[in-house]
Number of protein chains: 2
Amino acid sequence: MASARRIYLAAFPEGMPTTEHLKLEEVPVPAPAEGQVLLRVIYLSLDPYMRGRMSPVRSYASHINPGDTMVGGTVCEVMESRLEGFAPGDIVLAGAGWQTHALSDGTGLRKLDPARGPLSAALGVLGMPGFTAYAGLLEHGRPKAGETVVVSAASGAVGQVVGQMARILGCRAVGVAGAEDKCRYVTETLGFDAAVNYRDADFPEQLAAACPDGVDVYFENVGGAVFDAVLPLMNDFGRIPVCGRIAHYNDSAPPPGPDRLPAAMGLVLTRRLTFRGFLQFDHLDRWEDFMRDMGGWLAEGRVQYREEIVDGLENAVEAFQGLLTGRNRGKLVIRVGEDPAAR
Amino acid sequence: MASARRIYLAAFPEGMPTTEHLKLEEVPVPAPAEGQVLLRVIYLSLDPYMRGRMSPVRSYASHINPGDTMVGGTVCEVMESRLEGFAPGDIVLAGAGWQTHALSDGTGLRKLDPARGPLSAALGVLGMPGFTAYAGLLEHGRPKAGETVVVSAASGAVGQVVGQMARILGCRAVGVAGAEDKCRYVTETLGFDAAVNYRDADFPEQLAAACPDGVDVYFENVGGAVFDAVLPLMNDFGRIPVCGRIAHYNDSAPPPGPDRLPAAMGLVLTRRLTFRGFLQFDHLDRWEDFMRDMGGWLAEGRVQYREEIVDGLENAVEAFQGLLTGRNRGKLVIRVGEDPAAR
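All values reported here derive from a predicted model rather than from experimental measurement. (Residues numbered from 1 in each chain as written. Chains lettered and ligands numbered in written order. Predicted model: local features only at pLDDT ≥ 70, side-chain atom pairs only at ≥ 80, totals over all residues.)

### Considerations on the overall build of chain A
Keep this limit in mind: Secondary structure elements are defined from DSSP: runs of H or I of at least 4 residues count as helices, runs of E of at least 2 residues count as strands, and each element is numbered from the N terminus. Radius of gyration: C-alpha atoms only; globule rule: 2.2 Å multiplied by the number of residues to the exponent 0.38. Counting other C-beta atoms within 10 Å of a residue's C-beta gives its exposure: the residue is buried at 20 or more, exposed at 12 or fewer, and partly exposed in between, where C-beta atoms are placed from the backbone. Two residues qualify as being in contact provided that their C-beta atoms, derived from the backbone, are within 7 Å of each other.
Within chain A, the secondary structure is distributed over nine helices and 15 strands. For 343 residues, the compact-globule estimate of 2.2 N^0.38 gives 20 Å, and the C-alpha radius of gyration of chain A, at 21 Å, lies within 12% of that figure. For chain A, the spread of C-alpha atoms along the principal axes amounts to about 65 × 45 × 35 Å. The buried share among the 343 residues of chain A stands at 47%. Of all intrachain contacts in chain A linking residues separated by at least 6 positions in sequence, the fraction that spans at least 24 positions is 66%.

### Remarks on the domain arrangement of chain A
Residue and element names in this part refer to chain A. Note the following rule: In this entry, domain limits derive from an automatic or database-based domain assignment. Residue polarity follows a fixed list, in which Ala, Val, Leu, Ile, Met, Phe, Trp, Tyr, Cys and Pro are nonpolar, Asp, Glu, Lys and Arg are charged, and the others, Gly among them, are polar.
The domains assigned to chain A are domain 1 (3–123 + 306–342) and domain 2 (128–299). Averaged C-alpha coordinates put domain 1 and domain 2 at centres separated by 27 Å. Facing the 15 residues of domain 1 at the interface are 13 residues of domain 2. When its residues are assigned to classes, the side of domain 1 that touches domain 2 shows four nonpolar, five polar and six charged.

### Describing the packing of helix 2 (residues 128–141) of chain B against helix 8 (residues 287–299) of chain B
Residues and elements named next belong to chain B. Defined as follows: For helices, the fitted axis covers only the stretch in contact; all axes are lines through C-alpha atoms, and the angles between them, taken along N-to-C directions, range from 0 to 180 degrees. Roughly parallel covers angles under 35 degrees, roughly antiparallel covers those over 145, roughly perpendicular covers 65 to 115, and oblique covers all other angles.
It is the contact of helix 2 with helix 8, at a shortest axis distance of 10 Å, that shows an interaxial angle of 105°. It follows that helix 2 is roughly perpendicular to helix 8 by the angle criterion. Of helix 8, the residues touching helix 2 (which contributes G130, F131 and Y134) are W287, F290 and M294. Residues belonging to the contact of helix 2 with helix 8 are distributed by class as follows: five nonpolar, one polar and no charged.

### Notes on helix 3 (residues 159–168) of chain B
Burial analysis of helix 3 of chain B places eight of its 10 residues in the buried class, the great majority of the element. Phi turns positive one or two residues past the end of helix 3 of chain B, at B:G170, with a value near 90°.

### Looking at the environment of A:T74
All names here are of chain A. With respect to the helices and strands, T74 occurs in strand 4 (residues 74–81). T74 sits in the buried class, given 26 other C-beta atoms within 10 Å. For the pair formed by T74 and I334, sequence separation is 260 residues and the distance between their alpha carbons is 9.3 Å. Excluding its chain neighbours within four sequence positions, the residues that come into contact with T74 are V41, Y43, L44, S45, A94, G95 and A96.

### Notes on the nonpolar core
Spelled out, the test is: A set of buried Ala, Val, Leu, Ile, Met, Phe, Trp, Tyr and Cys residues, joined through C-beta atoms within 7 Å, is what we mean by a nonpolar core.
Core analysis: the biggest nonpolar cluster contains 209 residues, and A:V230, A:A316, B:V230 and B:A316 have the highest contact counts within it. If near-sequence neighbours (up to four positions away) are discounted, A:V230 is found in contact with A:V150, A:L207, A:V215 and A:Y218.

### Details of the interface of chain A and chain B
Between chain A and chain B, the contact holds 33 residues from the first and 33 residues from the second. Contributing elements (two or more residues each) for the side of chain A that touches chain B: helix 7 (261–270) and strand 13 (274–277) of chain A. Top contributing element to the side of chain A that touches chain B by residue count: helix 7 of chain A, with nine residues. Residue classes in the side of chain A that touches chain B are distributed as 17 nonpolar, eight polar and eight charged.

### Here's the deal with the relation of the copies chain A and chain B
Operational definition: To line up the copies, we fit them by least squares on C-alpha atoms, keeping just the residues with pLDDT of at least 70 in both.
For the pair chain A and chain B, the relating rotation is 180°, the translation along its axis is 0.0 Å, and the fit reaches an RMSD of 0.0 Å. Expressed as an axis order, the relation between the two copies is that of a two-fold axis. Closest approach to the rotation axis within chain A is made by the C-alpha atom of A:G257, at a distance of 1.6 Å. Mapped onto chain B, 100% of the interface residues of chain A are again interface residues, and the two copies thus contact each other with one and the same surface.

### Topic: the sheet that holds strand 11 (residues 215–219) of chain A
Quick note on the threshold: One requirement defines pairing of two strands: DSSP has to find at least two bridges between them.
Spatially, the 12 strands line up as an open sheet ordered 10(A)-9(A)-8(A)-11(A)-12(A)-13(A)-13(B)-12(B)-11(B)-8(B)-9(B)-10(B), and their pairing is mixed. The sheet is open, and its two edges are formed by strand 10 (194–197) of chain A together with strand 10 (194–197) of chain B, each paired on a single side. Going from strand to strand, the sheet's axes swing by 15° on average, the running direction of each strand aside. Note that strand 8 (residues 148–152) of chain B and strand 11 (residues 215–219) of chain B share three bridges and pair parallel. In the strand pairing of strand 11 of chain B, B:V149 is matched with B:V217. Across the face of the sheet, helix 7 (residues 261–270) of chain B comes into contact with strand 12 (234–242) and strand 13 of chain A together with strand 12 (234–242) and strand 13 (274–277) of chain B while running at roughly 60° to strand 13 of chain A.

### Section: unusual backbone geometry
Residue and element names in this part refer to chain A. The omega torsion across G257 and P258 is 5°, close enough to zero to call that bond cis. Along the chain, the position of P258 falls in the loop between strand 12 and helix 7. Phi is positive for F237, close to 65°, though the residue is something other than glycine. Under the C-beta neighbour-count criterion, F237 is labelled partly exposed, with 13 such atoms within 10 Å.

### Thoughts on the pairing of strand 11 of chain A
Each regular strand shows side chains that alternate between the opposite faces of the sheet. Note the cut-off: Orient the strands so they point away from the viewer; a crossover is then right-handed if the path from the first strand over the helix to the second runs clockwise.
With respect to burial, strand 11 of chain A is a largely interior element, five of its five residues being buried. In this fold, the crossover linking strand 11 of chain A to strand 12 of chain A by way of helix 6 (residues 224–230) of chain A has right-handed handedness.

### Re the environment of B:Q164
Residues and elements named next belong to chain B. As for its placement among the helices and strands, Q164 is situated in helix 3. Each C-alpha atom, one on Q164 and one on Q304, is 8.1 Å from the other, the two residues being 140 residues apart in sequence. Among all residues touching Q164, those that are not within four sequence positions of it are L190, G191 and V303.

### Details of the environment of A:A96
By the secondary structure assignment, A:A96 is in the loop between strand 5 (91–94) and strand 6 (101–104). Placed 55 residues apart in sequence, A:A96 and A:V41 show a C-alpha to C-alpha distance of 7.3 Å.

Here it is as structure tokens:
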């Protein structure tokens, strides 16, 4: 019997997840029943939100339970089909999770056209992270030309799109990242107006200098010290779309004091700020607009993107740890199986 | 020479302001120059925002300086006029501040019609506090029929209007106040669906019980323990218009830890909450709508209100201390001089 592999949640992690919590095992390749397809995973997307699914607390999506295969977006090839409309060799976007093979009844499958570009882009700039940037910036950031947009995790899957869109919209784009090469990348390759390394001791001063007219939109991906430095720079009527808080995903208890919540709410009031949490799937009515706009910007060369592709499902846990600590460079993708384009 | 009285800022207070910081003095009644009117103050509005004007920190309005007369909204009678369009005996809304007499060049003066009801209402339900409730609830709370609206400082000048408007809009209105008689007032007289005393030891449990379907809109007037208890009850897509934070106005340092900001931002993200600070004067384009709607609701008896009128400018400081600690019952107004309606 042919064998497949999967990574499942063995125990809820406190703090950083390791191979104690996320275990790899061999399983038989499943056989599709009538009305199902068998999928082979080519690319698996690794994204910060996955940390939340490993925590047994109320969140926007239910957590997974010990024994469950880790969830995740994937690009797959149909190997066998007992479902009308799908044939072997079809390439599909699917939520197959951290495994080499999966069954599907077709729910949520979307066919991809391999002629339209690299398949992995469907997990990044033309997929969920790109759409997150698009919906968050347009629906909640609402930047006007001439305003200053700051984005954290600026070289990441979402951040790199936010800053480039801000430039397209006529704004000053300032990126925050955690390494010198990331900062160079967003200014030199992506064309941000400025970038600041939050690990520098004088980061708050550098950020203030990079935002001489204050900050109108802060696209929040990280929380922590970056949020602290941006908040005092916010202009009246500034908007903070809250997309992620990766600095806190491994927190197991509230940090020590002082309690900064009252001061933050004081600024919300006196500067009439808006903090607004959002999730991309609340905005799926904008998906077609996104594909049209982003596809156009990519074709025109106005949006660039970077991916870090790691080979092998067995390296997913270490790669995910790197994502939570900022070791990745660009959108992180696991190549689980051969890309047909490489044949 | 006739004498007037004023209360001026003698020193920036840390913590609760006292007569050390706000000093009463006698001054000559000023004489109007050409183009000016002399005003006699009848009613002075005392409002929580005034605490901010006594603090030398950046805020939405510049603070006043030691030596300056305390600012404030007033209803006045024109005593002498050297300004076209105003005659002795006219009753006007003016920002004359904490004093018995003032000069004005007409800027910001609005004539009031004494036949339309009690003059003091122009400082409350038909004035800035009523408009604050109206603009904040409609523009930022945006409650839909059937939703639950919680308002803190529920028996205060703003809160009492918020809850009654929520009922008019078809919502469940839940008030939070700091005394049993205030809670009875908002349910029995104002018709809120429920009220909870935040000084009760089991306040969080009582509040949860009063909001069986969670909270869709929290109209924030106080901060502190009330905010803490409401936040976990917020429903997905809940809105928190931030109007005031009276529990913190005397804070001289951040409270001790733990730091609750990360947890609050976590809820903003996962529940897609909106925190939005606002000030009524950003919405003055809605003023005519407000006067029409609120005037109608008052005439129909659908909105009730309560005032606490304290006699004598010399009692303003003690009354203001009571406002910051919740001793007042309803909109707090100082009767500085005789109301012509009492003649």
